[in-house]
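# Overview (structure and organization)
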Amino acid sequence: QVQLVESGGGLVQPGGSLRLSCAASGSIWRFSVTGWYRQAPGKERELVASISSSGISNTGRTVYADSVKGRFTISRDNAKKTVYLQMNSLKPEDTAVYYCYIKVITFETKDVEVWGQGTLVTVSS
């Protein structure tokens, strides 16, 4: 019913930048909450950033993990049904699999939560 496709991961040097994209498709009326999580080997999955709103506006309340504040920016384009994570000043400790998460209201007026397949970000020299 609702599908997510993540892209933008890859290998980058410390201090570099990447932009992750999460494109949603299916029976989506409005975004409710969208976010990015990450999981490094041997560690629990953690929230990186999230944005919530009525779904009409591209703006909304954002929440960031302390470790990424000032470096990462979450945004979304409701018309394109896409959420982004701009990652600047990347550090080796940012290396992880990044997962997109969305909570949407479908055209059938149902709340649906969906996880992306994950995209690997590797920060290394």
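In what follows, the structure referred to is the one given above.
In short, a report on the structure. What you see is a predicted model, and the numbers here were worked out from it, not measured in a lab.

## Here we look at the overall build of the chain
- Along the backbone of the chain there are zero helices and eleven strands.
- For the chain, the α and β elements follow one another from N to C terminus as β-β-β-β-β-β-β-β-β-β-β.
- In terms of overall dimensions, the chain is globule-like: its C-alpha atoms have a radius of gyration of 14 Å, near the 14 Å expected for 125 residues.
- Here the C-alpha coordinates of the chain stretch approximately 45 × 25 × 25 Å along the principal axes.
- For the chain, the residues scored as buried account for 42% of the 125 residues in total.
- Long-range pairs, those at least 24 residues apart, make up 55% of the contacts in the chain with a sequence separation of at least 6.
- Per element, the accessible surface of the chain, about 6,500 Å² overall, is 49% carbon and sulfur.
- The averaged location of the 10 negative side-chain charges in the chain is 5 Å from the averaged location of its 14 positive side-chain charges.

## Brief notes about the pairing of strand 3 (residues 18–26)
- Direction of pairing for strand 1 (residues 2–7) relative to strand 3: antiparallel, over a ladder of six bridges. By the bridge assignment for strand 3, Gln3 is matched with Ser25.

## Quick word on the sheet that holds strand 3
- Pairing is antiparallel across the open sheet formed by four strands, whose spatial order is 1-3-8-7. Two strands bound the open sheet, and with one partner strand each, they are strand 1 and strand 7 (72–77). Each strand axis lies, on average, 15 degrees off the axis of its neighbour in the sheet, ignoring direction.

## Remarks on the pattern of salt bridges
- Taken as a whole, this structure holds four salt bridges when the rule is applied.
- Note that Asp66 is salt-bridged to Lys69, the shortest N-O span being 3.1 Å. Comparing Asp66 with Lys69 shows no difference in burial state: the two are exposed.

## Digging into the pairing of strand 8 (residues 82–87)
- By the criterion of burial, strand 8 is predominantly enclosed, with five of the six residues buried.
- Direction of pairing for strand 3 relative to strand 8: antiparallel, over a ladder of six bridges. Residue Ser21 lies in a different strand from strand 8, and its bridge partner there is Tyr84.
- Of the strand pairs in this sheet, strand 7 and strand 8 are connected by six bridges, and their pairing is antiparallel.

## Re the nonpolar core
- Counting 32 residues, the largest nonpolar core has Trp36, Leu85, Met87, Tyr98 and Ile102 as its most contacted members.
- No other element matches the five residues that strand 9 (residues 96–105) contributes to this core.
- Not counting residues within four places of it along the chain, the set of residues in contact with Leu85 comprises Leu18, Arg19, Leu20, Trp36, Val48, Ala49, Phe72, Thr73, Ile74 and Tyr98.

Rules and cut-offs
Residues numbered from 1 in each chain as written. Predicted model: local features only at pLDDT ≥ 70, side-chain atom pairs only at ≥ 80, totals over all residues. Heavy atoms only, no water. Helix = DSSP H or I, 4+ residues; strand = E, 2+ residues; numbered from the N terminus. Rg over C-alpha atoms; globule rule 2.2 N^0.38 Å. Buried < 20%, exposed > 50% of the residue type's maximum accessible area, 1.4 Å probe, protein only. Contact = heavy atoms within 4.5 Å. Areas by Shrake-Rupley, 256 points an atom, 1.4 Å probe, with all protein chains shown as cover. Lys, Arg positive; Asp, Glu negative; His and termini not counted. Charge placed at Lys NZ, Arg CZ, Asp CG, Glu CD. Pairing = 2+ DSSP bridges. Axes fitted to C-alpha atoms, helices over the stretch in contact; angles between N-to-C directions. Salt bridge = Lys/Arg side-chain N within 4 Å of Asp/Glu carboxyl O. Core = buried A, V, L, I, M, F, W, Y, C linked by side-chain atoms within 4.5 Å.

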